[in-house]
Amino acid sequence: MDIQRHVDLRPYNTLGISVCADYFIEVASLDALKEAIEFSSRRRLRRVFIGGGSNLVLRGDIQGLVIHMAMRGISCESSGEERLVTAAAGENWDELVKYSLAQGWYGLENLISIPGQAGAAPIQNIGAYGVELASVLDSVTGWDVSLNGLRTLSATDCQLGYRDSIFKGALRDVFIITSITLRLSATPSPNINYPALREALPKSNNPEQKLSAELVAETVARVRAEKLPDFRREPNVGSFFKNPIISKTLAHELVAKYPALPHWPMPGGRFKVAAAWLVDQAGWKGKRRGAVGIHPRQAIVLVNYDGAAGADVLAFASAIQADVLARFNVELEIEPRVY
Ligand code: FAD
Ligand code: NAP
């Protein structure tokens, strides 16, 4: 077991925060994962699992064992048009999307260019451009620390919701995902319901011409590259705040006062409102405080411009949350997990 001591986690999080892990290990197999868990249990060390590090904020040094997921492998079982694709947790998500497309396994095109690993995709039920992982997830396999065994959960068991799942609730830190299985198709069926995607697609002069899944993926990748700051140059975790889901009463009040507020009905009669609009209206877009700031073009992307500490990032985020609450009576929830 190759356990390292005092490891700087800066290369392991896309927000580029430098904190020290007391113990660090990279696990590339189930056996290695089990050994790492046993090691931490024996020494009573806290465990922190890291995939691509694109959805976490490291508040301070980790007095415990950081386990970096590095299992690889992709396999596919075909049955008629169905393609059941299993990817090990450590597979890079974007590469998995591209590989699937190249194999003619369709269904992931709208989810191209999302950073991070396959194993983390169910954690917040990743979503973009009108598609969520929920629409293709078949099952999730992982090591259950409480049962000390491997088990498989169906997609229903995962309780996937809007940027949410059972892995953020009852199974948080308990169920360590080792692989995910996706139900893809050999027949492309592009989903272009998301208005911004429809608008970005190149206009065809030939109405008979069928829209290809590859074109949808290319378009999403292009728009994302144009709109989103690259975390390698401007360290960030994508959306820092979730779009709030608020009551119908509050949504009506707000829309009456601010007719331009983007809002969408959600199941259960509630409404999703655009966090980016609230942050922008409150005047935070492009604002900087020391090393931290909100990106000038993306109102919910918080950027670490110059070696900020986790505490600086969280203090800045708190100021935005307090301001949005005071102005609009809406609580903004931080999307990434804070350690
Ligand atoms: P990490 O940040 O490493 O981990 C996130 C959480 O999952 C942690 O709590 C960690 O402990 C846990 N975890 C990771 N792997 C495992 C595992 N195998 N088993 C158990 N727990 C695990 N998200 C979207 O939904 N849609 C987007 O369009 C999107 N765009 C983004 C754009 C940018 C530029 C960035 C930086 C981020 C974006 N994100 C988006 C957020 C992020 O990419 C996703 O949430 C992604 O799934 C996180 O994967 P990760 O491997 O980096 O997870
Ligand atoms: P956008 O298209 O400018 O839209 C801004 C927000 O409005 C998004 O958050 C989106 O919600 C919502 N929205 C737009 N049209 C909608 C519709 N018809 N129905 C419901 N909600 C709608 O967003 P963007 O910032 O360029 O991002 C594009 C897509 O990539 C979005 O889906 C976004 O979620 C995703 N993305 C996510 C992250 C992340 O870290 N989580 C980072 C970058 C991009 P949804 O977020 O629910 O889609």
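Above this note sits the structure.
Residues numbered from 1 in each chain as written. Chains lettered and ligands numbered in written order. Predicted model: local features only at pLDDT ≥ 70, side-chain atom pairs only at ≥ 80, totals over all residues. Heavy atoms only, no water.

Undergrad: Tell me about the packing of aromatic side chains, and name the residues and values.
TA: Per the stated rule, a full pass over the model turns up 10 aromatic pairs. With a centroid separation of 5.5 Å and 40° between ring planes, the pair formed by Phe-167 and Phe-175 is classed as tilted. Exposure remark for Phe-175: the relative accessible area of 4% places this residue in the buried category. Centroid distance Trp-284 to Phe-316: 5.6 Å. Interplanar angle 85°. Geometry classified as edge-to-face. With Trp-284 in the loop between helix 6 (275-281) and strand 16 (288-289) and Phe-316 in helix 7 (residues 310-328), the pair connects residues that are 32 residues apart, well separated along the chain. Here Trp-284 falls in the buried class, since its relative accessible area comes to 5%. Residue classification places Phe-316 among the buried positions, given a relative accessible area of 2%. Among the aromatic residues, those joined into a ring-pair cluster are Tyr-258, Trp-277 and Phe-328. The residue whose ring lies beneath Arg-5 is Tyr-23, and the NZ or CZ to ring-centre distance is 4.0 Å. The cationic tip of Lys-272 hangs over the ring face of Trp-264; the distance from NZ or CZ to the ring centre is 5.0 Å. (Phe/Tyr/Trp six-rings, centres within 6.5 Å; stacked < 30°, edge-to-face > 60°. Buried < 20%, exposed > 50% of the residue type's maximum accessible area, 1.4 Å probe, protein only. Helix = DSSP H or I, 4+ residues; strand = E, 2+ residues; numbered from the N terminus. Lys NZ or Arg CZ within 6 Å of the ring centre and 35° of its normal.)

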